[in-house]
Amino acid sequence: MSQQPVPLPYTDPAFVADPFPLYRQLREDGPVRRAVIAGGLDAWLVTRYEDGLAALSDPRLSSDVRDAADPRVMQQLPETERESMLSNMLRSDPPDHTRLRRLVSKAFTARRVAELRPRIQEITDRLLDAVVPAGRAELVADFALPLPVTVISELLGVPFDDRYDFQRWTDDMLLRRAEMPDPAVVNEAWQHMRAYLTKLLENKRARPGDDLLSALITARDEEQRLNEDELIAMTFLLLVAGYITTVNLIGGGIAALLANPRQLELLRSDPELLPGAVEEFLRFDGPVSPGIARFAREEVEIAGVTVPRGATVLIASAIADRDPERFTDPDRLDITRQDNAHLAFGHGIHYCLGAPLARLEGQIAIGTVLRRLPGLALAVPPGELRWRPGGLRGPVRLPVTFSPGAALPS
């Protein structure tokens, strides 16, 4: 197997629209494949399911970017983030990760998520009420975007009027960075975000409410609390994780159905299939692509390939989740698929804490769209859909038409 790095062509519209032919070739080339990823970084892609599953639980692979040998990994972060934003669950390892996750888990409970169902349904119907009279909509801007933004804002206790600000700053830090890198824009956005979150936490301390931020401020693990940097970092992580990836799950799931009309009609006729359908959307074309970054603490052998200390290891869930050794007919969307243990939410100690909320939002959003928008169809040829480049995958816009007599909320 050649170990010359293969560039992932993020500026190629054909690759951005459909990366899976190249992903398939990389997987067939070998279980661990060197590639040039976003930012020009040299990474080792883990391309097969069983190897990816093992790598996600391997303590020799760190989540802390400070373990990366290539200084450009750290330089991709805003300057101030290098000092303060490395103290969240996503970028930490045990014992810090264990402590942080335990503290946050005390506030982010399954009960709290389950109680959100009526409110998520209410927001979903209100957003669709605004578009159904026209018989057409842009389902990212009009629906898939504002739904999770509203939900996570209310869960955290972010004032309604502030939502567009943090959405814009997040776009500048993450989405636009992937499309047209500009460190000055990223740093300015983060400065605004940090100042905002600092003030928000001050207000929550003075006037706590029944929201996640208030709970995080008071969360304890024996005598330990989240310090100020950890609170800000955790708030930012929850805000971003509860917003961007869910936008992509909803928009990408609907796009997948529109490209597979028989699956769409099957799901419309049998809403009981919704939970399994959402798992299939996550496997088939998930919101993170190609996958999850780790950094080798030491020289490590993965699937017979020696990866050097300090290397960036990309556990390519988007490639592994189409591994024919694990999934039958993996390139086919099948909402009835059983035993669908995909890697879209990760695995092991870093398994996504927000997975139950993402699943709930995806099920309600997609199910309600199918129920309320009969005759749903793309308003443009499929080849004209534009997808996000870089590590976050989903349609940028999703223009659709539907029958004028759209259903009322039930």
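Cut-offs used in this document
- Residues numbered from 1 in each chain as written.
- Predicted model: local features only at pLDDT ≥ 70, side-chain atom pairs only at ≥ 80, totals over all residues.
- Heavy atoms only, no water.
- Helix = DSSP H or I, 4+ residues; strand = E, 2+ residues; numbered from the N terminus.
- Rg over C-alpha atoms; globule rule 2.2 N^0.38 Å.
- Buried < 20%, exposed > 50% of the residue type's maximum accessible area, 1.4 Å probe, protein only.
- Contact = heavy atoms within 4.5 Å.
- Areas by Shrake-Rupley, 256 points an atom, 1.4 Å probe, with all protein chains shown as cover.
- Lys, Arg positive; Asp, Glu negative; His and termini not counted.
- Charge placed at Lys NZ, Arg CZ, Asp CG, Glu CD.
- Pairing = 2+ DSSP bridges.
- Phe/Tyr/Trp six-rings, centres within 6.5 Å; stacked < 30°, edge-to-face > 60°.
- Lys NZ or Arg CZ within 6 Å of the ring centre and 35° of its normal.
- Axes fitted to C-alpha atoms, helices over the stretch in contact; angles between N-to-C directions.
- Parallel < 35°, antiparallel > 145°, perpendicular 65-115°, else oblique.
- Nonpolar A, V, L, I, M, F, W, Y, C, P; charged D, E, K, R; others polar.
- Core = buried A, V, L, I, M, F, W, Y, C linked by side-chain atoms within 4.5 Å.
- Salt bridge = Lys/Arg side-chain N within 4 Å of Asp/Glu carboxyl O.
- Polar contact = N/O pair within 3.5 Å; in protein donor to acceptor, adjacent residues only side chain to side chain.

Asker: I tried to follow the overall build of the protein on my own but got confused; where do I start?
Answerer: Along the protein, the regular secondary structure elements total 19 helices and 11 strands. Relative to the compact-globule value of 22 Å for 410 residues, the protein shows a C-alpha radius of gyration of 21 Å, a close match. Dimensions along the principal axes, computed over C-alpha positions, put the protein at roughly 60 × 55 × 40 Å. Within the protein, the fraction of its 410 residues that count as buried is 56%. Long-range pairs, those at least 24 residues apart, make up 72% of the contacts in the protein between residues at least 6 apart in sequence. A total accessible area of about 17,700 Å² is found for the protein, and carbon and sulfur atoms account for 53% of it. Of the side-chain charges in the protein, 48 are positive and 58 negative, and the distance between the mean point of each set is 2 Å.

Asker: Honestly, the pairing of strand β6 (residues 292-296) in this entry has me stumped. Any pointers?
Answerer: Both faces of the sheet carry side chains from a regular strand, because those side chains alternate between them. With 4 of 5 residues buried, β6 lies mostly within the body of the structure. As paired elements, strand β4 (residues 61-62) and β6 share 2 bridges and run antiparallel to each other. Looking at the pairing, S62 lines up with F295 of β6. Here β6 pairs with strand β9 (residues 312-315) via 4 bridges, running antiparallel. Note on β9: the bridge partner recorded for A293 is L314.

Asker: Explanation requested: the packing of aromatic side chains in the structure shown.
Answerer: How two aromatic rings sit relative to each other is given by the distance of their centres and the angle of their planes. If you walk through the whole model with that rule in mind, you get 7 aromatic pairs. A centroid spacing of 6.0 Å and a plane angle of 80 degrees characterise the contact between F15 and Y23, whose relative ring orientation is edge-to-face. Like F15, the residue Y23 is buried in the burial classification. An aromatic cluster is built from Y10, F15, F20 and Y23, whose rings are joined through pairwise contacts. Over the ring of F20 we find R322, and its NZ or CZ is 3.6 Å from the ring centre.

Asker: Just checking my understanding: could you explain the packing of helix α15 (residues 244-258) against helix α17 (residues 274-285) for this structure?
Answerer: Helix-helix packing: each pair is described by the crossing angle between the helix axes and the interaxial distance. In contact at an axis separation of 10 Å, α15 and α17 are set at 90 degrees when each is read in the N-to-C sense. Regarding the angle of α15 to α17, the classification is roughly perpendicular. Within the contact between the two elements, α15 uses L249, G253, A256 and L257 and α17 uses V278, F281, L282 and F284. Among the residues forming the contact of α15 with α17, the class breakdown is 7 nonpolar, 1 polar and no charged.

Asker: Explanation requested: the pairing of strand β3 (residues 42-46) in the structure shown.
Answerer: Counting buried residues along β3, 4 of its 5 residues qualify, which places the element largely inside the surrounding structure. Where strand β2 (residues 32-36) and β3 come together, 5 bridges link them in antiparallel fashion. Bridging across to β3, V32 finds its partner in V46. In sequence, β2 turns back onto β3 through a hairpin of 5 residues, with G39 there showing a positive phi of about 80 degrees. Taken together, the 4 bridges between β3 and β9 define a ladder with parallel strand orientation.

Asker: How should I be thinking about the nonpolar core in this particular structure?
Answerer: For soluble globular proteins, nonpolar side chains are generally found buried alongside one another. L267, F281 and L376 are the most contacted members of the largest nonpolar core, which has 92 residues in total. Once residues lying within four places of it in the same chain are set aside, the contact partners of L267 are L257, L273, L274, A277, F281, I335, I366 and L370. If you look at the next biggest cluster of nonpolar residues, it comprises 20 residues, including F20, Y23, L41 and A318.

Asker: Hey, could you run me through unusual backbone geometry in this one?
Answerer: Most peptide bonds adopt trans geometry, and most residues besides glycine take a negative phi value. Omega for the peptide link from P94 to P95 comes to 5 degrees, which places this bond in the cis form. Cis geometry marks the peptide bond from S289 to P290; its omega dihedral reads 10 degrees. Relative to the helices and strands, P290 is located in the loop between α17 and β6. Of note, the phi angle at A303 is positive, near 50 degrees, even though the residue is not glycine. Structurally, A303 can be placed in the loop between β7 (300-302) and β8 (305-307). What makes A303 partly exposed here is its relative accessible area of 39%.

Asker: I would appreciate a short explanation of the environment of F295 in the present structure.
Answerer: By the element assignment, F295 lies in strand β6. Counting along the chain gives 230 residues from F295 to V65, while the straight-line C-alpha distance between them is 6.9 Å.

Asker: Looking at this structure, how should I read the pattern of salt bridges?
Answerer: Pairing is possible between side chains that carry opposite charge, provided their charged atoms lie close to one another. The full count for this structure, using the stated rule, is 26 salt bridges. The residue D125 makes a salt bridge to R372 at a minimum N-O spacing of 3.4 Å. With D125 in helix α8 (residues 117-129) and R372 in helix α19 (residues 355-372), this residue pair connects regions lying 247 residues apart in the sequence. Considered together, D125 and R372 belong to a single accessibility category, that of buried residues. Between E228 and R205 there is a salt bridge; the shortest N-O distance is 2.8 Å. Of the two residues, E228 sits in helix α14 (residues 228-241) while R205 sits in helix α12 (residues 183-206), which places them 23 residues apart along the sequence.

Asker: Quick question: what am I supposed to make of the side chain of R34 here?
Answerer: Among the structural elements, R34 can be located in strand β2. A distance of 2.5 Å separates a polar atom in the side chain of R34 from a polar atom in the side chain of D42. Residues contacting R34, with those up to four places away along its chain left out, are Q3, Q4, P5, V6, D42, A43 and W44.

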